[in-house]
Amino acid sequence: MTMNLDALYPAIEPYETGELLVGDGHRMYWEVSGNPEGKPVVFLHGGPGSGTSPWQRRFFDPEVYRIVLLDQRGCGRSTPHAGEPGADLRHVTTAHLIADIELLRKNLGIRTWQVFGGSWGSALALAYAQAHPDAVSELVLRGIFTLRREELEWFYEGGAAALFPDLWEAFIAPIPVLERTRMIEAYHRRLFDPDPAVHEPAAVAWSTWEASTVTLTPDAEQIAAMSDARRATAFARIENHFFVHRGWWDEGQLIAGVDGIRHIPTVIVQGRHDVCTPMMTAWDLHRAWPEADFVVVDDAGHSASEPGIQRALRAATDRFAGAFSAGR
């Protein structure tokens, strides 16, 4: 995918990679790049189910940071892959992902690390921090998403159709008219049908809807990449699986839980024109947690690839890098 990444650090390669045995037959891919003696940071990707990409290392100063990327269960280079016809996601839950992250931290010998997450990654970062506050030095959160009913209904049950009626028609096309009052559930039935003739078209429609709306203006290359059947199947299945179960959280749990992490230095970055995870959620988090820095990017949508979002995120990681360097 070609993106303008001028606001970020130069491309780097990992100096260490591995597969962590996390139980239930799952192996989690992880990598480390940057400074082996540097400030630890873990990047939590979105979706859930998108996996990581090499360009995501570039939010962090490689001279200062020890940069950890991981592919959450079922996606990216982790195995088994949710794109396989008979994929079983029983052991892919929020609790499992939190345990995997914590196991990786201990295996890498890291006492505390910065947790950086956008979209679903912001939800997972909040949940991880609330479960393990002593392991988190700072939080950098982007495109806030907490899987509340109103958030899911906005994007998957028709709210965003007011802005994208043409794209919405393609999203609802695989679903019979009588099932369109519960789109997430209707898609669930098709995405988990073992027949590729059923689940692949549904997965491509689901993933294309998201890829077409995450940037302020359409990114044809990103849309094409998300339309690959195997990648789309893993992405759509994992997302839908988490959404059907509302992340295994009580309604509003992540925002209600900020009292336990209020002491952690935090930056919240939100695109003003984010249609995928609209600013209402970031605003609710900001109101509940005024101590956290709140940055609104007025010329951006949802994606971390957008220039204004890139600049704001790099500014946040540079700020925490400076504090680390000053304290050495």
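A brief structural summary. Here the structure is a predicted model, which means the values were calculated and not measured.

Focus: the side chain of His-302
Piece 1. Inspection of the secondary structure puts His-302 in the loop between β8 (293–297) and α11 (307–326).
Piece 2. One polar contact links His-302 to Ser-119, side chain to side chain, over a distance of 3.0 Å.
Piece 3. Of the polar contacts made by the side chain of His-302, one reaches the side chain of Thr-277; its length is 3.0 Å.
Piece 4. Setting aside residues no more than four positions away along its own chain, His-302 makes contact with Ser-119, Arg-142, Gly-143, Val-214, Asp-274, Cys-276 and Thr-277.

Here we look at the pairing of strand β3 (residues 39–44)
Piece 1. Among the six residues that make up β3, six are buried, leaving the element largely enclosed by the rest of the structure.
Piece 2. Here β3 shows a buried face lined by Lys-39, Val-41 and Phe-43 and a second buried face lined by Pro-40, Val-42 and Leu-44.
Piece 3. Alignment of β3 against strand β4 (residues 65–70), held across five bridges, turns out to be parallel. Pairing of Lys-39 across the sheet is with Tyr-65, part of β4.
Piece 4. Both β3 and strand β5 (residues 113–118) contribute to a ladder of four bridges, which runs parallel. By the bridge assignment, Val-42 is partnered in β5 with Val-115.

Re the environment of Ile-175
Piece 1. Residue position: Ile-175 is located in the loop between α4 (165–172) and α5 (183–191).
Piece 2. Sequence separation of Ile-175 and Ala-202 is 27 residues, and the distance between their C-alpha atoms is 8.6 Å.
Piece 3. Residue contacts for Ile-175: discarding those within four places in its chain leaves Arg-180, Met-183, Ala-186, Tyr-187 and Arg-190.

Here's the deal with unusual backbone geometry
Piece 1. Put simply, Gly-47 and Pro-48 share a cis peptide bond, and its omega is 0°.
Piece 2. Topologically, Pro-48 is positioned in the loop between β3 and β4.
Piece 3. Thr-79 connects to Pro-80 through a cis peptide bond whose omega is -5°.
Piece 4. Position of Pro-80 relative to the elements: it lies in the loop between β4 and α1 (94–107).

Notes on the side chain of Ser-78
Piece 1. Within the secondary structure, Ser-78 sits in the loop between β4 and α1.
Piece 2. With a relative accessible area of 1%, Ser-78 lands in the buried category.
Piece 3. There is a polar contact of 2.9 Å between the side chain of Ser-78 and the backbone nitrogen of Tyr-29.
Piece 4. Polar contacts involving the side chain of Ser-78 include one to the main-chain carbonyl oxygen of Asp-71, which spans 2.6 Å.
Piece 5. Filtering out sequence-adjacent residues up to four positions away, Ser-78 remains in contact with Arg-27, Met-28, Tyr-29, Asp-71 and Gln-72.

Points about the sheet that holds β4
Strand pairing in a sheet relies on backbone hydrogen bonds, with the paired strands running either antiparallel or parallel.
Piece 1. If you trace the eight strands from one edge of the open sheet to the other, you get β1-β2-β4-β3-β5-β6-β7-β8, paired in mixed fashion. Of all strands in the sheet, those bounded by a partner on one side alone are β1 (16–23) and β8. Neighbouring strand axes in the sheet, compared pairwise and without regard to direction, differ in orientation by 20° on average.
Piece 2. Of the strand pairs in this sheet, strand β2 (residues 26–34) and β4 are connected by five bridges, and their pairing is antiparallel. What sits directly across from Glu-31, in β4, is Leu-69.
Piece 3. Sheet strands in contact with α1 are β1, β2, β3, β4 and β5, and its direction is about 130° off that of β1.
Piece 4. Running over the sheet, helix α10 (residues 279–288) touches β6 (136–142), β7 (266–271) and β8 and is turned about 160° from β8.

Quick notes on the rules
- Residues numbered from 1 in each chain as written.
- Predicted model: local features only at pLDDT ≥ 70, side-chain atom pairs only at ≥ 80, totals over all residues.
- Heavy atoms only, no water.
- Helix = DSSP H or I, 4+ residues; strand = E, 2+ residues; numbered from the N terminus.
- Polar contact = N/O pair within 3.5 Å; in protein donor to acceptor, adjacent residues only side chain to side chain.
- Contact = heavy atoms within 4.5 Å.
- Buried < 20%, exposed > 50% of the residue type's maximum accessible area, 1.4 Å probe, protein only.
- Pairing = 2+ DSSP bridges.
- Axes fitted to C-alpha atoms, helices over the stretch in contact; angles between N-to-C directions.

Function cannot be inferred from these measures alone, as they are strictly geometric.
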